[in-house]
Structure formats: structure tokens, C-alpha cells
Amino acid sequence: MLVESVEKFIANDYSFERRQQYAASDAGYSPDVWATFADLGWTAVPFAEDDGGFDGGPVELMVMMQQFGRGLIVEPYLANIVLAGGVLRRTASDAQKTKWLQPLISGELQAALAVTEPQSRYELANIETTATKGDDAWIINGRKGVVLNGGNAGLLIIPARTSGLSTDRDGITLFAVGGMAGGVTRKVYPTVDGHQAAEIVLQDVHVESNAVLGTLGEAYAVLDAVVDEATLAVCAEAVGIMQVLTDKTVEYSKSREQFGVPIGSFQALQHRMVDMLTACEQSYSLLLWAAMANADQTGDAKRAISAIKYQVGTTGKKVGQEAVQIHGGMGVSWDVDIAHYFKRLTTIGQMFGNADWHLDKLAQ
Amino acid sequence: MNITFTDEELAFRDEVRTFFRDEIPAGIAQKRRLSVPLEPEDFISFQKALYRKGWAGFNWPVEYGGTGWTTVQKYIFGVEMAEANAPGIITFGLGMVGPVIYTFGSEEQKQRFLPDILESNVWWCQGYSEPGSGSDLASLKMRAELADDHYVVNGTKTWTTLGQWADWIFCLVRTSTDVARRQEGISFLLIDMKTPGVTVTPIITIEGDHEINEVHFENVKVPVENLVGEEGKGWTYGKVLLQHERTGTARVAVTNYRLSKLRQQAARSVRGADPLANDRNFMRKLAAVEVELKALEFTELRTLAAVASGKAPGPESSILKLKGTELQQAVDELYVEAAGYYALPYVPSQYALDFPENDRVGEGSETQSSLNYFNFRKASIYGGSNEIQKNIIAKHVLGL
């Protein structure tokens, strides 16, 4: 079973110390671990059997990402498989699949989807990057911001405006651009959660018409679906993190003694740890609902995504802060894993719409 | 409590404002403007500028070289310092050990230590917490055993802020275990960091900086004249100091300044995005923090007024620490929210004087929002965690 195999890998082969080494390396992840992911078939999970995949859906994605959260994995599964893979799965022609999707699944290709621009905040249709048709090529100009895995990516999927105004949903087209293509400038940096991202400038980047992924001008629906899936993925990761933080905090409170007793014997802390547990359970329940609603594509699938992202944004923040606080000075120490789980929860809170953004969707 | 300033106070405010405008060394002002981290010499040169003006001992009585300012003057000074985005005053010497020495120290100690503290010639750090003694400070174990004319000190202090730059450390040490209450065996000792047997090990904090340390003491010989006050009374002295620390950590003026900057930031477009001022959710949260902060500002004024009328800061200083750190952290959270995706990049190297401002990732200092947020989670932990503050209030204010 998928969940057991991921669980086993994290327990045996992915210690916090190793994670820190991978995060601090140039690539920001371990290519060896990534190759293992491919060998074990994890990179193939969401893809169609015809494409060499396992036809996994939202539920499989959820269980994997929850484990990745527990292990605080820095390997770019979200960027490669969920975001870039999500686009390719929905749009790529056979030729494009051979060129991009097969090496992605086999682990040879790193990819990224440039969801955001510096000014776009959480609005997917806010795209100022343009693609204009030249004689025999498309010419792309614009900027993309905080592109997850953007530095490692040999394939950049660039949403660009082929018509319409800068916030129109119509007129967005997806382009497959080589990471080293002429006119592409990348400023790569680590992110505060131990992952990597890049600022990307596209200046007169020429691509041929076979670089268009999907239907011209109709990419919004693709982006929307892929980002929903990514949102579900990071929420599952967040729930895994929240559970670990709660477990570790309870454990710590039983061993750390002050005033001659374990601090876990103080009622003031007990109640707060009960609140942490409650937050985990509530979040896990919403996560299950969201995964099932999206697996079945029920009418409330989108609402469920917003519900879990709101829940994770608010109670996840609380759980993270409490875990740090109850660990005291240890909670703000780099060498203790608590700090890094907390940081990842924080960045997840800022991705794909924060709590307010999703509560607004639910209130509409 | 009078909240309108007299003509004299207004004139004083202008003087302070002018000072901070003109007398912060230019290089430091530029670093502050560009969010470039300060070096130890920057803090020292700023504090020396204060000293030359006669303001280093802003909190000290006149007889020890302080300003002898009224409550209102101290308040104005704090506000203007924050509004000028001046560097903070490193509190360990001027705010902590100085007051302990002039209150409890011997004449010899006053003459020996106070001038260098006022003039910022000596950098002090604080040795309170130990690996096994955090919230339960009275359980501390670092031993100081009397041998002729000196103590032999053995043990470890931790979370020592800026200990890597310190010349001296003031420590709570255990001089006796044979006491009815464990607090009674604690003494207040001044230790030269250059003494053989003292070693400093860095602790890297959550955001990746080296700000705190572990300080190890192995058979460190400390002259007996470095004991402040009486042996076994260190807990009392240390508690007075902690109450000063708690008043200081309210940081209302700084939080106010940061909040007003955030409001200004929200009013304009950052990175070409729609101004956050159009985001009602965000603005309501910002306004709610403003309300709480205004309340705390008046609570602080009330505390200061009580101190001015001759009372030492009492348990109500715990309320300041509690609420002050909560609001500081609330503002940090708002900055992270405002940055959105730009809270993610970890790019400390771009906050250097020779780094072109326009080449930065994100606008201004927004990529520091998350680092500040992470770093200042410590604020509800240090100086007696907020749980301990609540215990103090419950016990000493509510009588529970």
C-alpha cells in the first residue's frame, strides 16, 4: 500500500538531520531521494495508466502528502508532480507527453508551473505576462514570482496572456518553456521553509507553436483545477505537520520538568494541547471531505477545498505557534525540528490563497 | 494622568526629535532605512551619541549620571526614538545591570562599573536561564563556591542574547544549597567573559541567525568583590531587574511605529499589486490591533505614572510584557500576510549596503517579514514566558 511504503521510507531513510542536509544543498533537495521516489512509483501516482501512471486521484494525493508533511520532505513533489504534472496531465498532446511527461514521471526532468506574478497575489487570472504570435513563433515577455522549484526546472510552464486584459479569465494560454531557453533569467533562492523558488524574467522568449499546452486562450480552467489540487495537497501536508507538532509537543511536555514536575501536568498547558489535538482532528475531517468531494467531483468540491485551506490557515497557525511556545527556547532553535515544521506550516498558509481569501470564497 | 503635553514637554519633544534626526550617525541611519543588520560597533556608536548628549542613562537617577527625567519625558523619548527608526538600546547594561548595581551594589562597584555602562565601553549580557531552568528559574544550578577571596564557578547559562559580543556577564548563581527556600541560595555575580574557563557556543535560532548562545563556566575564578549586595539575596535583585525587563519588553512605541508603517504600506501598491487597503479583511485586522495597542499605550503610561510617584514597577508590569509581546507578534503576523508569497524567499544577503536596492527579491523589506515573525516568537518565551506572567498576575494581582 502506498501509505505504508511512504511511511516506511520516512521512518527508515528520511531523518530530520538528512532533511536538513538536503535542504542546505545547492539543489535544495536530494536527487537520489527523488530517483527513489521515481523507482517506487510515487512520481507516477496521479497519471493515467496509458501514460505509465497509476490513475491515482485526490485520495492518493492526500495520503502521500500527509506523509510528506510528517517527514517534512523537501523534495519538490508539489512543484513537479502536482503543479507541472497536473497541467501536463490535462493538456499535453502525445508528442508533448513524450517530450515532457515521460521524463517527469521517470524522475529525469524537473519542472515548475509559474502560477504567480509579482503583482498577482492569489488571483490566478491576474497575468500580465504576454505571448504574441510572430511569424513562426510565440514571443513571451513578462515576470513570474516565487516560482516553486523554478531554479531546478528544466521545464517551465508559463501562463501568458494571448488576449484580453490583465485580470480576464479568458485569453490565458500555457506555454512549455525550457529552463535554459534564451531570454529566460532566473534568480534562484531558498525559501524560509527549506525549499527553493525563483524569480523569473522572460524577455523576448521565442517558442514554437508546439510549445502551447492545451487550448489557446482557455487555460484558466486548467490553472484553476491544478491549483485546487495543489491546495488540497498542501493542506494534506499541513495536516501531517500539525499532527506531528501535536504529538511531539505532548511528548515533550511529559519529559520536560520545571517546578519539580513535568510541564504537561499543568492544566493551563493541558487545555491548550487538547485544543491542538482538536484542531488536528477537525482539520483531518475536513481534509477527508475535501479529498472525497474532489475524487467524486461533487457539487461542493470547490467549497471543500476552501474550507480545508481556511481551517489549515487558522488552526494550523495556532498549532504551530503553540508547539513553539510550549517547547520554549527549544521551539525557536534551528537545531530542533519543531521550528522547521512551524516554518513550513507558515509558508503553506501563504500559498494558493490565505485563510481570509478562502473564507471570502465560502462567504460568497 | 495628563495626556496633553505642557509647553516644556513639547519643547523637550522637539529637542529629542531634532537629536534623533541629526545625531544618529549617518551610516547607521542608512542601515536602518535599508533594513541592513547592525554590527556591534553600530550599537555602540549610537549609544555613545546618546551618552555625549547626556541621555544614555535615560532611565537612571541624576546622582549616577542619569537624566532624572519625568515619566512623560521618558515616554516622549521612547516614542521619538521609535518614530525615528533608531536602533534599540541594548538593554543588558543600561537597562538591567546598571540599575541593579546602583540600587544594590557597593560604592566601589558603582564607581568601577557604572561609568563604563553609561558610556557603552563595556558590553554586558545576561546569565539567567540554564538548560534545566527556564520558566522555573529558581531551580538554577550553576554553582559558585567560595574559596578564600574568590568564587569558583561551574555550570552553564543558555539563551544568552548577544553573548558573543559581550565583555561581561551578570549571573544568578547558586552559592548555597543548604537553605529553606531554594531562592535564598541564589546570588548575583558579575563575571568578566575573558576569565579563563568561560566559553561561548552559538545557538542558531529558527530564522537562521546567530543571536543567542550557551555560555559554559568551568572552574572560573571570580573575585569576591564581584558579588553584588549580599550573598543569597540575588533572587530579590534579579526579580527587580526582571520587572524592569518586562516593562521594557512592552515595546509599545516600536510596535506603534511598525503598525503605522504597515498602514502606509497598505495604502500603496506594492509590486504593482492592488493596494491592501482595498482588502477589507486585512484592514479590519490591522484596525483591531491598533485598538489593542492604543489601550496598551495607556496602560504603559499608567504604569509609568505609578513608577514616577515612587513605586517600583510591580506585578502589573507582567500585563505589559504579556500584552506587549502578543501585539508585537500580531503585527509580525500582519506583515507576513501583507507579503503573501513574498514571505517565502530567504534572501538575507540582499540586506547589505552594497546590494542594489532595486535588485532585491520583493519590495523593501517584505521578505524579512517571515524572519521577524519566526524570530519574535521568542518574545512570548523570554523574560519569563507569558505563562509565567499569567501565574504572577494570578498570584500577586488576583490573589489566587
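Along each chain, the written sequence defines residue order, and numbers are assigned to residues from 1. Each chain takes a letter, starting from A, and each ligand takes a number, starting from 1, following the order in which they are written. In keeping with the predicted nature of the model, local features appear solely for residues at pLDDT of at least 70, side-chain atom pairs appear and are counted solely at 80 or more, and the whole-chain, interface and lining totals rest on all residues.

A look at the overall build of chain A
Logical step 1: Think of it this way: any DSSP run of H or I at least four residues long counts as a helix, any run of E at least two long counts as a strand, and we number them from the N terminus. If you tally the helices and strands in chain A, you get eleven helices and ten strands.
Logical step 2: Our radius of gyration is a C-alpha quantity, and the globule rule it is checked against amounts to 2.2 Å times the number of residues to the power 0.38. The C-alpha radius of gyration of chain A comes to 21 Å, within 12% of the 21 Å expected for a compact globule of 364 residues.
Logical step 3: Judged by the C-alpha coordinates and their principal axes, chain A covers about 80 × 45 × 35 Å.
Logical step 4: Across chain A, contacts joining residues at least 24 apart in sequence account for 73% of those joining residues at least 6 apart. By definition, residue pairs are in contact when their C-beta atoms, positioned from the backbone, come within 7 Å.

Section: the domain arrangement of chain A
Residues and elements named next belong to chain A.
Logical step 1: Domain parsing of chain A yields domain 1 (2-110), domain 2 (112-217) and domain 3 (221-363).
Logical step 2: Taking only C-alpha atoms, the centre of domain 2 and the centre of domain 3 are 31 Å apart.
Logical step 3: Lys, Arg, Asp and Glu make up the charged group, whereas Ala, Val, Leu, Ile, Met, Phe, Trp, Tyr, Cys and Pro make up the nonpolar group; the residues left over, Gly among them, are polar. Taken together, the residues of the side of domain 2 that touches domain 3 break down into seven nonpolar, three polar and one charged. Throughout, the edges of the domains are those of an automatic or database domain assignment.

Some remarks on the domain arrangement of chain B
Often, the extent of an interface is quoted as the loss of accessible area on bringing the components together.
Logical step 1: Domain assignment breaks chain B into domain 1 (7-89), domain 2 (124-232) and domain 3 (249-397).
Logical step 2: Distance between the C-alpha centres of domain 1 of chain B and domain 2 of chain B: 30 Å.

Comments concerning the interface of chain B and chain A
Logical step 1: Taken together, the contacts link 34 residues of chain B with 33 residues of chain A.
Logical step 2: Across the side of chain B that touches chain A, the residue classes break down as 18 nonpolar, ten polar and six charged.

Quick word on the packing of helix α4 (residues 58-71) of chain A against helix α8 (residues 267-295) of chain A
Residues and elements named next belong to chain A.
Logical step 1: Put simply, α4 and α8 touch, their axes get as near as 8 Å, and they point 150° apart. With respect to α8, the element α4 is oriented roughly antiparallel. Contacts between α4 and α8 involve Pro58, Val59 and Met62 from the first element and Leu287, Ala291, Met292, Asn294 and Ala295 from the second.
Logical step 2: Residues of the contact of α4 with α8, tallied by class, amount to seven nonpolar, one polar and no charged. All axes here are fitted lines through C-alpha atoms, helices being fitted over the stretch that makes contact, and every angle between N-to-C directions spans 0 to 180 degrees. Convention used here: angles under 35 degrees read as roughly parallel, angles over 145 as roughly antiparallel, angles from 65 to 115 as roughly perpendicular, and any remaining angle as oblique.

Focus: the pairing of strand β3 (residues 150-157) of chain B
Residues and elements named next belong to chain B.
Logical step 1: With C-beta atoms placed from the backbone, a residue is buried if 20 or more other C-beta atoms are within 10 Å of its own, exposed if 12 or fewer are, and partly exposed between those counts. By the alternation rule, side chains of β3 split into Tyr151, Val153, Gly155 and Lys157, which are all buried, and His150, Val152, Asn154 and Thr156, of which none is buried.
Logical step 2: Only strands that DSSP links by at least two bridges are regarded as paired with each other. Judged from the five bridges that link them, strand β2 (residues 143-147) and β3 form a sheet pairing that is antiparallel. Paired with Ala144 across the two strands is Val153, which belongs to β3.
Logical step 3: In this antiparallel pair of consecutive strands, β2 and β3, the connection spans two residues, and Asp148 shows a positive phi of 55°.
Logical step 4: The pairing of β3 with strand β7 (residues 210-223) spans seven bridges and is classified as antiparallel. Note that in β7 the partner of Gly155 across the bridge is Phe217.

Re the environment of Ala48(A)
Residues and elements named next belong to chain A.
Logical step 1: Its location among the elements puts Ala48 in the loop between α3 (31-39) and α4.
Logical step 2: By the C-beta count within 10 Å, which is 13 here, Ala48 ends up partly exposed.
Logical step 3: Separated by 38 residues in the primary sequence, Ala48 and Ile10 have C-alpha atoms spaced 26 Å apart.
Logical step 4: Apart from residues lying up to four places away in sequence, Ala48 is in contact with Gly53 and Asp55.

Section: the pairing of strand β2 (residues 130-133) of chain A
All names here are of chain A.
Logical step 1: Inspection of the sheet shows β2 paired to strand β3 (residues 138-148) by four bridges, in the antiparallel sense. Looking at β3, one finds that Thr132 is bridged to Ile139.
Logical step 2: The hairpin turn running from β2 into β3, its antiparallel successor, is four residues long.

Concerning helix α9 (residues 280-308) of chain B
All names here are of chain B.
Logical step 1: Taking 1.5 Å per residue as the helical rise, α9 with its 29 residues ought to reach 42 Å, and the 42 Å between its terminal C-alpha atoms agrees with that figure.
Logical step 2: Among all positions in α9, only Leu286, Leu296, Glu300, Thr303 and Leu304 are buried.
Logical step 3: Just downstream of α9 lies Gly310, where phi reads positive at about 105°. By this rule, a helix spans an expected 1.5 Å times one less than how many residues it contains.

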